[in-house]
Amino acid sequence: MDIADLFDVLDALHSAETPCWVAGGWGVDVLVGRHTREHRDVDLALDATREEAALQALASLGYRMETDQRPARAELAADGSRWVDLHPVVFDAEGAGRQADLQGGYYLYPRGAFTVGRLGGRAIPCLSASQQLAFREGYVLRDVDHHDIALLQGLDEPR
């Protein structure tokens, strides 16, 4: 997935009035302000109340459901090796969120988990460095995870 694909996805979701925050490897790139590595997909934390609108918006770009593990996640694929991994988040009145996990529990998104970074001259909502680091715990790290962690830890100030 290249930066043009990322921007197409974000533009479609914005047009559909679907709040989302870039996570995963692209989220790291947004936080550091530059494209640092290749990405298979884009991970998006998504306001769960707008999930159906998001699916329709992505269908207009040729994405179709590949893996349906809702309410935890949905992975969509499109021609050209383009992938989107949606993570529906349910927000409380204070702005904190919860995303279901596959074991019947949930992941927490505290209010401070959301920020804005920049990539390609654009301001892009994304997960904070501390949230990105928290999501890289509890599993065997791959080379790309080590790469991302080093970048996140090298940021001048927490985001």
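Residues numbered from 1 in each chain as written. Predicted model: local features only at pLDDT ≥ 70, side-chain atom pairs only at ≥ 80, totals over all residues. Heavy atoms only, no water.

## Some details on the side chain of Asp 145
Then step 1. Positionally, Asp 145 belongs in helix H5 (residues 143–153).
Then step 2. By relative accessible area, which is 2% here, Asp 145 ends up buried.
Then step 3. There is a polar contact of 3.0 Å between the side chain of Asp 145 and the side chain of Tyr 139.
Then step 4. Apart from residues no more than four positions distant in its own chain, Asp 145 is found in contact with Arg 136, Tyr 139 and Val 140. (Helix = DSSP H or I, 4+ residues; strand = E, 2+ residues; numbered from the N terminus. Buried < 20%, exposed > 50% of the residue type's maximum accessible area, 1.4 Å probe, protein only. Polar contact = N/O pair within 3.5 Å; in protein donor to acceptor, adjacent residues only side chain to side chain. Contact = heavy atoms within 4.5 Å.)

## Brief notes about the nonpolar core
Then step 1. Formed by 34 residues in total, the largest nonpolar core has its most connected members in Val 22, Leu 44 and Val 84.
Then step 2. Here the element with the most residues in this core is helix H1 (residues 3–15); it accounts for 6 residues.
Then step 3. Not counting chain neighbours up to four residues away, the residues in contact with Leu 44 comprise Val 9, Leu 10, Leu 13, Cys 20, Trp 21, Val 22, Val 84, Asp 85, Leu 86 and His 87.
Then step 4. The next biggest cluster of nonpolar side chains, apart from the first, holds 8 residues, and it includes Trp 21, Ala 45, Ala 113 and Leu 127. (Core = buried A, V, L, I, M, F, W, Y, C linked by side-chain atoms within 4.5 Å.)

## Some remarks on the pattern of salt bridges
Side chains carrying opposite charge are able to pair once their charged atoms draw close together.
Then step 1. Tallied over the entire structure, the rule returns 11 salt bridges.
Then step 2. As a salt-bridge pair, Arg 73 and Asp 85 come within 3.1 Å of each other at their nearest N and O atoms. Separated by 12 residues along the polypeptide, Arg 73 in strand E4 (residues 73–78) and Asp 85 in strand E5 (residues 82–91) bring together distant segments of the chain. With respect to class, Arg 73 is no different from Asp 85; both count as buried.
Then step 3. Look at the salt bridges and you will find they share partners, linking Arg 40, Asp 41, Arg 73, Glu 75 and Asp 85 into a network. (Salt bridge = Lys/Arg side-chain N within 4 Å of Asp/Glu carboxyl O.)

## Describing the layout of surface pockets
Then step 1. What the largest pocket holds in volume is close to 860 Å³.
Then step 2. As for the largest pocket, its lining consists of 34 residues, of which Asp 43, Asp 85, His 87, Phe 135 and Tyr 139 are closest to the centre.
Then step 3. Here the residues of the lining of the largest pocket sort into 14 nonpolar, 7 polar and 13 charged.
Then step 4. Computed from the structure, the second largest pocket encloses a volume of approximately 190 Å³.
Then step 5. Together, Leu 10, Asp 11, Leu 13, His 14, Glu 17, Thr 18, Pro 19, Cys 20, Arg 122, Ala 123, Ile 124 and Pro 125 line the second largest pocket.
Then step 6. Here the residues of the lining of the second largest pocket are counted per class, giving 7 nonpolar, 2 polar and 3 charged. (1 Å grid on protein atoms, 1.4 Å probe; cavity = no way out; pocket = protein on both sides within 12 Å on 5 of 7 lines; lining within 4 Å. Points joined across faces, edges and corners; volume = space filled by probe spheres on them. Nonpolar A, V, L, I, M, F, W, Y, C, P; charged D, E, K, R; others polar.)

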